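Chain and residue survey
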Amino acid sequence: MKDYKFGQRLGFLSLTTMLITACSEISFSPSNDMGTTSSSEILADGSVKDTFVFNQNTALAKVDVLFISDNSASMAIKQTRLGNALDSFITSLGTVNWQIGVTTTDTTDGPFGLKGSLLTFDGTATNVLNSSVPNYSMAFLNTVQRPELGAGDERPIRATIQAIGKRSTDNAGFFRSDADLAVVMLTDEDEASNGNATANTPDSLIDAVESAFGPSKNITVYGIIIRPGDTACYDSQFIDGGKYANVIDDLVDTTGGVTGSICDLDYAPTLTTIGNRVKQGVRTAVLSQVPINTTIDLEISPTDPALTWRLKGRTIIFSKPPDKGSVITVIYRPL
């Protein structure tokens, strides 16, 4: 999808109309150190005005990192590679206040269907890992290495939605109100194994986050997957049932994340890239309604000519995190 410079118009709304029309009451959602505050109002002409204030401060930032680990039969060596790369990930986060949870892609009613419940970390009594847990790297490695063979119908998006649904029960204490959410999906297939009609969509996860936490909860998804078009990786994994992760790749793109190849022999570089992206801060803003593309008018203050953006669904994806204190206003007509 084409990138647009801020302020470049996909359609025109009258500035005079914007200034004189009556508006509904503005209500800002709570802020956090790495995310945004946002407000939405309906203008008198029926247009929607969404405003985002970027508050990100990486020195004070908090992030909850949810690892979704494919525990199907073909994944043993990949789980080990993920576990061995944790230290690279933590190092790349720098001063970010992190905590980690792990669940699997098995959302079935079978014996290993966690349905989003977090695993208790090996050698501990907790399902929330942070820097205060002794030997946290070993606990993580021994936890992502799964002894069971879970269902071959991998559902990482559904597992994420179910994990959020258990935020006050099985997963209490993991989803902090003032932290961003990063989801790292490790799988050699796609949502519903092959992205079929029963697969959860990217929008279903975005809607679940907003429903649970409000519009200012920032979620970014990352994938260690068979990237669409990576024929060499696909061919090497096909014998074990590997599939292009088309739906997951779309979700990663929609939330402004990055992907790495599941075929890499060392996941440390990928996790370092993911950690650096997490540390940079927020680069997306979710509109309150689905816009008519040709009516979008986006302004940023203070101006930043280097900042580009594109629209996917109702998500504005920026080329880089807007500077702290940036105010972005988007006016559009909803579908």
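Below, the structure is looked at part by part.

Parameters and conventions
Residues numbered from 1 in each chain as written. Predicted model: local features only at pLDDT ≥ 70, side-chain atom pairs only at ≥ 80, totals over all residues. Heavy atoms only, no water. Helix = DSSP H or I, 4+ residues; strand = E, 2+ residues; numbered from the N terminus. Buried < 20%, exposed > 50% of the residue type's maximum accessible area, 1.4 Å probe, protein only. Contact = heavy atoms within 4.5 Å. Areas by Shrake-Rupley, 256 points an atom, 1.4 Å probe, with all protein chains shown as cover. Disulfide = S-S within 2.5 Å. Polar contact = N/O pair within 3.5 Å; in protein donor to acceptor, adjacent residues only side chain to side chain. Phe/Tyr/Trp six-rings, centres within 6.5 Å; stacked < 30°, edge-to-face > 60°. Pairing = 2+ DSSP bridges. Axes fitted to C-alpha atoms, helices over the stretch in contact; angles between N-to-C directions.

As a further point, take the overall build of the chain. When you go through the chain residue by residue, the secondary structure sums to 9 helices and 13 strands. Burial statistics for the chain: of 335 residues in total, 54% are counted as buried. Summarising the internal contacts of the chain: among those between residues at least 6 apart in sequence, 75% fall at separations of at least 24. Carbon and sulfur atoms make up 53% of the accessible area of the chain, which amounts to about 13,500 Å² in all.

Moving on to the state of the cysteines. A covalent bond between the sulfur atoms of two cysteines is what we call a disulfide. Under the definition given, this model contains 1 disulfide. The disulfide partner of C233 is C263, and the gap between their sulfur atoms is 2.0 Å. Residues C233 and C263 are joined by a disulfide whose S-S torsion is about 85°; by sign, that bridge is right-handed. Here C233 is found in helix α7 (residues 231-237), whereas its partner C263 is found in the loop between β8 (259-261) and α9 (268-280), with 30 residues between them in sequence.

Bringing the environment of Y244 into the picture now. Within the element layout of this structure, Y244 appears in the loop between α7 and α8 (246-255). The spacing of Y244 and T231 is 13 residues in sequence and 9.0 Å in space, taken between C-alpha atoms. The contacts of Y244, once residues within four sequence positions are left out, are D190, I226, R227, P228, G229, D230, T231 and Y234.

Turning our attention to the side chain of E148. Assignment of secondary structure puts E148 in the loop between α4 (136-144) and α5 (156-165). One polar contact links E148 to N71, side chain to side chain, over a distance of 2.9 Å. A polar contact of 3.1 Å, which involves the side chain of E148, links it to the side chain of R146. With residues up to four places along the chain from it excluded, the contact list for E148 reads N71, T104 and F112.

It is worth spelling out the side chain of S69 at this point. Relative to the elements of secondary structure, S69 occurs in strand β4 (residues 62-69). Those residues in contact with S69 that lie beyond four places of it in its chain are Q79, T103, T104, T105, V144 and L186.

Moving on, we come to the packing of aromatic side chains. Tallied over the full model, the rule gives 8 aromatic pairs. Judged by centre distance (5.9 Å) and plane angle (85°), the ring pair of F54 and F318 falls under edge-to-face. Here F54 is found in strand β3 (residues 48-54), whereas its partner F318 is found in strand β12 (residues 315-318), with 264 residues between them in sequence. The buried category is assigned to F318, whose relative accessible area is 3%. For the ring pair F175 and F213, a centre distance of 5.7 Å and an interplane angle of 40° mean the geometry is tilted.

The next thing to look at is the sheet that holds strand β5 (residues 97-104). With parallel pairing, 5 strands are arranged side by side in an open sheet as β5-β4-β6-β7-β8. Of all strands in the sheet, those bounded by a partner on one side alone are β5 and β8. Strand-to-strand twist of the sheet, defined as the mean angle between neighbouring strand axes without regard to direction, takes the value 15°. Bridge count between strand β7 (residues 219-225) and β8: 3 bridges; the pairing is parallel. The partner of I225 across the bridge, within β8, is S261. Of the strands in this sheet, β4, β6 (180-186) and β7 touch helix α2 (residues 76-84), which is tilted by about 145° from β6.

Remember, this is a structural readout, not a statement about activity or role.
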